[in-house]
There are 2 protein chains.
Amino acid sequence: MKKVTIIGAGLVGSLLSIYLAKRGYKVNMYERRGDMRKAEMSVGRSINLALSDRGWKALERIGIADQVRKVAIPMHGRMIHPLEGDLVFQPYGKDKQAIYSVSRGGLNRLMMDIAETNPDVNIIFNQRCTGLNVAEGLTHFYDEEKDKEHAVHSDLIFASDGAFSAGRLHMQLTTDRFDYNQYYIEHGYKELTIPAAPSGGWAIEKNALHIWPRGKYMLIALPNEDGSFTCTLFFPFEGEPSFSTLKTPEQVKEFFKSIFPDAVPLMPTLTEDYFANPTASLVTVKCFPWSAGGKMTLIGDAAHALVPFFGQGMNCGFEDCTVLDKLIDKHSENWPAIFKEFEANRKPDTDAIADLAIANFVEMRDKVADPDFLLRKKIEARFTNRHPEKWLPLYSMVTFSHMPYAQALAEGVRQEKIMDKVMAMENIEARWDSEEIDKMMLDLA
Amino acid sequence: MKKVTIIGAGLVGSLLSIYLAKRGYKVNMYERRGDMRKAEMSVGRSINLALSDRGWKALERIGIADQVRKVAIPMHGRMIHPLEGDLVFQPYGKDKQAIYSVSRGGLNRLMMDIAETNPDVNIIFNQRCTGLNVAEGLTHFYDEEKDKEHAVHSDLIFASDGAFSAGRLHMQLTTDRFDYNQYYIEHGYKELTIPAAPSGGWAIEKNALHIWPRGKYMLIALPNEDGSFTCTLFFPFEGEPSFSTLKTPEQVKEFFKSIFPDAVPLMPTLTEDYFANPTASLVTVKCFPWSAGGKMTLIGDAAHALVPFFGQGMNCGFEDCTVLDKLIDKHSENWPAIFKEFEANRKPDTDAIADLAIANFVEMRDKVADPDFLLRKKIEARFTNRHPEKWLPLYSMVTFSHMPYAQALAEGVRQEKIMDKVMAMENIEARWDSEEIDKMMLDLA
C-alpha cells in the first residue's frame, strides 16, 4: 500500500485525500493549524465561497456532492445596490443556473469529517512543514504541541498548503529555473456582517450575491444558512478614500452612511467589526514547475493562488483534483508521468483564471453599474438565448461549463472584439434587439 | 558613529561600503563565501563584465575609477563572426566610446582591497545570513568556520547579496504585500576559454566584444589582461540543438566545428571545459518594496537581477550607489526618507533595464547578423551624426549616457516606430543616405 503525505488539510487537501484513499493509498494529511472542528477559529477574514460547476463536478466524481449541497445556498444572480435608485437583479445564467454560497470554515470541517470516515485517511494537526527532501521522500514538520521536529517518509508528497505554501517555498529555494511570481492588488479586504433579521430569516434577498458597486471599490454580501450575510469590503489600502483614511468609528459610520446607505441599517456591529477584523491583502501567485522528482507536486492555491473576484479559487483547486484523477487513470499510476502532464496541462488554465479573476474585479466594482455594460450584457444574453450553440458568455464559460479556462479566456477575448463592433453601431440603444443586429452577430460569431 | 551592516561583499556591497565609510559610517560587511583573495575560487561560470558609463560614474564619484581603469580593457565595438564570410566590426558608439572588459573576480578582489584601506570598513567572511529582525536592527548569521549562529546589531542594514539574496527572502517571508517575480529564460550559459596566443598576446582582436550570432543562440568572447578571452556559450537548455543534446566530446566537437568553425582552432581545451564547467541558468528578478522599517534596503542584484545581454547588471548596481549617495545629501541622512525615495525613484528604471536586457538577447544572437537590422543601424548612425541633438541610439542611451533607464526605454520605443516607417519606404536600400530620408526623419524625430 503506497503512502501519501498531504501538506495542508484545507479544502483541496481534504478533497484530494478522499480521492487518493478511494484508490487505495494510505494518506497522512498534516495541517499547520489546530483542528478547526474542536474550537471556534474564525479569524474574521473568510470571504464566503461560491461553489460552481467545476467544484460540483469534482465533488460528484467522488460521490460527496449531496453532502455538500445540504450546506450550500443557491445564488441565481447579482443583486446590485446602486447609490441611488432601485435594486437591480442580474441573473448569472439561465433559469436554473446558480452559484452556491458556502462558508469556507463550514465546508472545510465537513470535508475533513468525510475524509476521516475513510480509515486510510489520517489528519494530524499542529504540524508546520519546515522542509522537504523529495529524493528521499521525506517531509519535515515541526510539531507545535510537542515542540519538536520530525520527518515523515512517504512515496508521494502533495503540497496543498495554500497561497503561502511551505512546499512551494521549498521549490523556490531548491529548484533551479523555478519561475515564481507573487503580486498584490492595491486593494485589501475586510470582513463585516449583516446578522439575521430580528424576526429570523434573511434581511435581504437570500438567493443572490449582493453587490454595492462604487467604481474604485465595492461591498459584497453572501448568504449564510443562519440568516446572516458575510459581507466583504474591497477597498484600496491607500489614497482617498481608503483603509488608511478611515481611522475613527465616526469616519467609518459617516463613510458607510453616504456610500452604502441601505446597508448601514442592516449592520448594527459595523464599526466594531470594522476595527476588530483585520485588513487582509489579496495575492495572485503563479509558478512553474509544480512538481519535483516525479514524487511531489504543488496543488490548489499552493500552485496558483487567485484573487476572489471570479469566485473560482476553490473551484479551480477542486478541478485540479478532477484533472489529476483522470491522469491517474490515463497513466496507470505512473506518477512521474502524471505529475509532468498535470503541470503542463493545467498551468495555462490556472494562469488564465488568475488573469480573468483580476479583470473581473473591475467588472464587479464598476462596470455592473454602467449602462453601456448592461446593454452589452443584454445583447449578449439575447443572442445566447437565440443561438446557444454560437455564443456562451464568458461568465458562463467560466462558471457553468468545464471548458478549459485558457480556452474560455481566448473565446472571451474573441467575443469582446465582436461586442465592441456591435456597441459601436450608431444608435445601438434603440436597435439592440433588431434582426439586423442578430444577423450581424451571426456573421461575426 | 552610526553602524552599518552590509550583507554580501560582492561588487555592489564593496562599492557601497566605500561610499558609506567616506561619510563616517562604521561598516561591517558580511560575506557568505571565503576570502576570494586568498584562494583560487573560480567556479567556471563568470561572464566577464562590461563596465560602461554608469559604472564609471559611480567609481569616479568616490574617486576610485583610476584604480579600476588599470585592469579594464576597452572594447570599441562588436566583432561579428558570421558562419560564412568575413568578420564585421560594428562600433558601439562614437570614436572614443567603449565599454570595458573586466574580470568579475579580479574587480571584486580589487574593490575589497580598496574598501579595506578604510579603517571603518571591516569584511567578515564565511558568514551566511540566516534572517533579519529589522525592528531590532539585528542581522543573523551562521558562521561557517566556527559552526555557530550569531546576531549583529546595527543602525542600518543593506542587503547586497545578489540574485538569490537572503535579505530579499526575508522580505518575501515577512512583508505583507511584497511583490516578487523571478523568471528564467530558456537558455543557460557555459564558460569556455580562448587562451593567449602561443606567441603571447591576443589570438583575435583585443579591443572588441566578439560575437558568433547564430539565431537562437550565440557564443561571445571578452578579452582578459593575460591575452586570453573568456568565452560564453548562450544556448537553450532543451530542444535541438541544446545543452541536452550535446552529450559526448565528439558531439560537442562536431557541433562547434560546423557552427563556430573559426573559434574551434582557438579553443584547445573546448571539450574539457565544456564538460568540466557547469551549465548555469539566467534569472531576472523584480520585487517591491526594497526597504523595510526605514532601516533596511535591498540594493544591486538583490533588488533587481538582470540577464547579462545589455552588459548592465553591474553598471545598474553601481548606479544604485550613485543614486543613493545623492539622496543621502538630499535628505541629510534621514534614512527612512532616503530609502523611500530610493525605491520609488529607482524601481521604474531597474524594471526598464531588466526588460531591455531580455530584448537585447534577441538583438545579439540574431539581429546583428540580419541585413535589414544592419541597414537600420546605419541609417540611425548617419542621422545621429548629422543631428546628435535629435537622436541618440538606444544602445548609446543605455551605455554611454546617464539618462534614467525608463526614459531610455520609452525613447527607444518612440525611435523604433520612426525607424519602422523609414524601413517601410520603398527601395530604402538605395535611398537610405538621401536628403529625403534625412528630412523625413527630421520631421518625425
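Counting from 1, residues in each chain are numbered in the order their sequence is written. Lettering for chains starts from A, numbering for ligands starts from 1, and both go in the order in which the items are written. Thresholds applied to this predicted model are a pLDDT of at least 70 for local features of residues and 80 or more for the giving and counting of side-chain atom pairs; totals over whole chains, interfaces and linings are not thresholded and use all residues. Based on all heavy atoms of the structure, the side-chain values leave hydrogens and waters out of the count.

Q: Account for the interface of chain B and chain A, with residues named and values stated.
A: Where interface size is quoted, it is often the accessible area lost as the parts come together. Contacts between residues were defined by any pair of non-hydrogen atoms, one from each residue, lying within 4.5 Å. The interface of chain B with chain A comprises 16 residues on the first partner and 16 residues on the second. The term buried area refers to how much accessible surface (probe radius 1.4 Å) is lost by two components on association, counted for both of them together. Summing both partners gives a buried area of about 1,500 Å² for chain B against chain A, and 41% of it is carried by carbon and sulfur. The largest contributions to the chain B side of the interface with chain A come from B:Arg177, B:Gln182 and B:Tyr184, which together make up 38% of the buried area. Whenever a carboxyl oxygen of Asp or Glu lies within 4 Å of a side-chain nitrogen of Lys or Arg, that contact is scored as a salt bridge. Our count for the contact surface shared by chain B and chain A stands at zero salt bridges. Think of a polar contact as two N or O atoms within 3.5 Å of one another; within protein, one of them needs to be a possible hydrogen donor and the other a possible acceptor, and neighboring residues in sequence only count if both atoms come from side chains. Viewed at the interface, chain A and chain B are joined by nine residue pairs in polar contact (both at pLDDT 80 or more).

Q: Explain helix α8 (residues 313–330) of chain A to me, using residue names and the numbers behind them.
A: All names here are of chain A. Given a rise of 1.5 Å per residue, 18 residues ought to cover 26 Å, and the 26 Å separating the end C-alpha atoms of α8 matches this to within 8%. Judged by how many residues are buried, α8 sits mostly within the fold: 14 of 18 residues are covered. Runs of H or I in DSSP of at least four residues are treated as helices and runs of E of at least two as strands, each being numbered from the N terminus. Looking one or two residues beyond α8, the residue adopting positive phi is Ser332, at roughly 45°. One less than the number of residues in a helix, times 1.5 Å, gives the span that helix is expected to have. Partly exposed residues are those whose accessible area sits between 20% and 50% of the maximum for their type, while under 20% is buried and over 50% is exposed, using a 1.4 Å probe and protein chains only.

Q: Let's hear about the side chain of A:Asp320: which residues, and what values?
A: All names here are of chain A. Within the element layout of this structure, Asp320 appears in helix α8. Overall, the relative accessible area of 0% leaves Asp320 in the buried class. Every residue in contact with Asp320, bar those within four places of it in the chain, is listed here: Ile299, Gly300, His304, Phe342, Arg346 and Thr350.

Q: So what's going on with the sheet that holds strand β9 (residues 127–133) of chain A? Residues and values would help.
A: All names here are of chain A. With antiparallel pairing, the three strands of this open sheet are ordered in space as β9-β10-β11. In this open sheet, the two strands that pair with only one neighbour each are β9 and β11 (148–153). On average, adjacent strands in this sheet sit at an angle of 25° to one another, irrespective of strand direction. At least two DSSP bridges between two strands are required for those strands to pair. Across six bridges, the pairing between β9 and strand β10 (residues 138–143) is antiparallel. The partner of Cys129 across the bridge, within β10, is Phe141. Fitted lines through C-alpha atoms serve as axes, helices being fitted only where they are in contact, and the angles separating the N-to-C directions of these axes extend from 0 to 180 degrees.

Q: Which residues make up the side chain of B:Lys190, and what values do they have?
A: Residues and elements named next belong to chain B. Take Lys190: it is sitting in strand β13 (residues 179–194). Under the counting rule used here, the positive set is Lys and Arg, the negative set is Asp and Glu, and His together with the chain ends is not counted. As a buried residue without a salt bridge, Lys190 has its nearest oppositely charged side chain in Asp273, at a separation of 10 Å. Polar side-chain contacts of Lys190 include one of 2.7 Å to the backbone oxygen of Asn277. In this structure, Lys190 is in contact with Cys231, Thr232, Leu233, Phe243, Tyr274, Asn277, Pro278 and Thr279, ignoring residues within four places of it in sequence.

Q: Explain the sheet that holds strand β7 (residues 99–102) of chain A residue by residue, including any values.
A: All names here are of chain A. Sheet architecture is open: three strands sit in the order β3-β7-β4, paired in antiparallel fashion. The open sheet has two edge strands with one neighbour each: β3 (49–51) and β4 (73–75). Across the sheet, the axes of successive neighbouring strands diverge by a mean angle of 40°, strand direction being ignored. Pairing geometry for β3 and β7, over three bridges, is antiparallel. From the neighbouring strand, Ala50 faces β7, where its bridge partner is Ser101. Along the sheet, α8 contacts β3 and β7; its crossing angle with β3, the most-contacted strand, is approximately 50°.

Q: How would you summarise unusual backbone geometry if you had to cite specific residues and measurements?
A: If a residue is not glycine, its phi is most likely negative; likewise, a peptide bond is most likely trans. Residues and elements named next belong to chain A. Residues Glu240 and Pro241 are joined by a peptide bond in cis, for which omega reads 0°. You can see Pro241 is positioned in the loop between β16 (229–236) and α6 (249–259). The phi dihedral of Asn126 falls on the positive side, at around 60°, and the residue is not glycine. The residue Asn126 is located in the loop between β8 (121–124) and β9 in this model. Unlike most non-glycine residues, Ser332 shows phi in positive territory, near 45°. In this structure, Ser332 sits in the loop between α8 and α9 (335–365). On the accessibility criterion, Ser332 (59% relative accessible area) is exposed.

Q: I'd like a rundown of the relation of the copies chain B and chain A, residues and numbers included.
A: A least-squares superposition brings the copies together, and it is based on the C-alpha atoms of residues with pLDDT no lower than 70 in both. Expressed as a screw transformation, the operator carrying chain B onto chain A has a rotation angle of 180° and an axial translation of 0.0 Å, and the superposed copies differ by an RMSD of 0.0 Å. The superposition of one copy onto the other is thereby described by a two-fold rotation axis. Considering only C-alpha atoms, the part of chain B nearest the rotation axis is B:Asn181, at 2.1 Å. Most of the interface of chain B is mirrored in chain A: 100% of its interface residues are interface residues there too.

Q: Could you give an account of the pattern of salt bridges, with specific residues and numbers?
A: Residues and elements named next belong to chain A. Under the criterion given, the structure shown has 48 salt bridges over all chains. We note a salt bridge from Arg386 to Glu435, for which the minimum N-O separation is 2.9 Å. In this pair, Arg386 is assigned in helix α10 (residues 371–386) and Glu435 in helix α14 (residues 435–444), connecting sequence segments 49 residues apart. Residue classification places Arg386 among the partly exposed residues on the basis of a relative accessible area of 37%. Here the salt bridges share partners, and the residues they tie into one network are Arg23, Arg61, Asp325 and Asp329.

Q: Now, about the confidence of the model for chain A: what can you tell me, with residues and values included?
A: Detailed reading of the predicted model is not advised wherever pLDDT is low. Summing up the model confidence of chain A, the mean pLDDT is 95 and the portion of residues at 70 or higher is 98%. With a pTM of 0.93, the predicted complex shows an ipTM of 0.91. In predicted models, pLDDT denotes the confidence assigned by the predictor to each residue on a 0 to 100 scale.

Q: Account for the packing of aromatic side chains, with residues named and values stated.
A: Aromatic rings from Phe, Tyr and Trp, taking only the six-membered ring of Trp, are treated as a pair when their centres fall within 6.5 Å; an angle between ring planes under 30 degrees marks them as stacked, one over 60 as edge-to-face, and anything in between as tilted. As enumerated under the stated definition, the model contains 55 aromatic pairs over all chains in all. With a centroid separation of 5.2 Å and 90° between ring planes, the pair formed by A:Phe235 and A:Phe243 is classed as edge-to-face. Accessibility classification places A:Phe235 together with A:Phe243 in one group, the buried group. On the basis of an interplanar angle of 85° and a centroid distance of 5.9 Å, the ring pair of B:Tyr25 and B:Trp335 is categorised as edge-to-face. Of this pair, B:Tyr25 sits in the loop between α1 (11–22) and β2 (26–30) while B:Trp335 sits in helix α9 (residues 335–365), and the two are 310 residues apart along the sequence. B:Tyr25 sits in the buried class, given a relative accessible area of 2%. Overall, B:Trp335 belongs to the buried group, its relative accessible area being 3%. Members of the aromatic cluster, each reached through a chain of ring pairs, are A:Tyr217, A:Phe235, A:Phe237, A:Phe243, A:Phe255, A:Phe256, A:Phe260, A:Tyr274 and A:Phe275. In this scheme, Lys NZ or Arg CZ marks a charge over a ring once it lies within 6 Å of the ring centre and within 35 degrees of the ring normal. A cation sits over an aromatic face here: A:Lys190 above A:Tyr274, 4.8 Å from the ring centre.

Q: Go over the environment of A:Ala9, please, and point to the residues and values.
A: Residue and element names in this part refer to chain A. Structurally, the position occupied by Ala9 is in the loop between β1 (3–7) and α1 (11–22). Here the alpha-carbon distance between Ala9 and Ala98, two residues 89 residues apart in the chain, equals 27 Å. Dropping the residues within four chain positions of it, Ala9 is found in contact with Ser14, Met29, Tyr30, Glu31, Asn108, Met112 and Ile123.

Q: Describe the pairing of strand β14 (residues 209–213) of chain A, naming the residues involved and giving the relevant values.
A: Residues and elements named next belong to chain A. Of all five residues making up β14, five are buried, and the element is well covered by its neighbours. Every second residue of β14 is oriented toward a common face, with Leu209, Ile211 and Pro213 on one face and His210 and Trp212 on the other, all of them buried. In terms of strand pairing, strand β5 (residues 77–80) meets β14 through three bridges, oriented parallel. For Arg78, the partnering residue across the bridge sits in β14 and is Leu209. In this structure, β14 lies alongside strand β15 (residues 218–223), joined through four bridges in antiparallel fashion. The partner of Ile211 across the bridge, within β15, is Ile220. Once β14 ends, the chain turns through four residues before running back antiparallel as β15, passing Gly215 with a positive phi of about 80°.

Q: Tell me about the environment of A:Val413, residues and numbers included.
A: With respect to the helices and strands, A:Val413 occurs in helix α12 (residues 405–423). Along the chain, A:Val413 and A:Arg382 lie 31 residues apart, while their C-alpha atoms are 19 Å from each other.

Q: Summarise the environment of A:Glu333; cite the residues concerned and give the values.
A: All names here are of chain A. By secondary structure assignment, the location of Glu333 is in the loop between α8 and α9. Taking relative accessible area as the criterion, Glu333 reaches 34% and is therefore assigned partly exposed. Considering only alpha carbons, one finds Glu333 and Thr5, 328 residues apart in sequence, at a separation of 16 Å. Apart from the residues lying within four places of it in its own chain, the contact partners of Glu333 are Arg23, Tyr25, Ile328 and Ile338. Among the polar contacts listed, one links the side chain of Glu333 to the side chain of Tyr25, at a separation of 2.4 Å.

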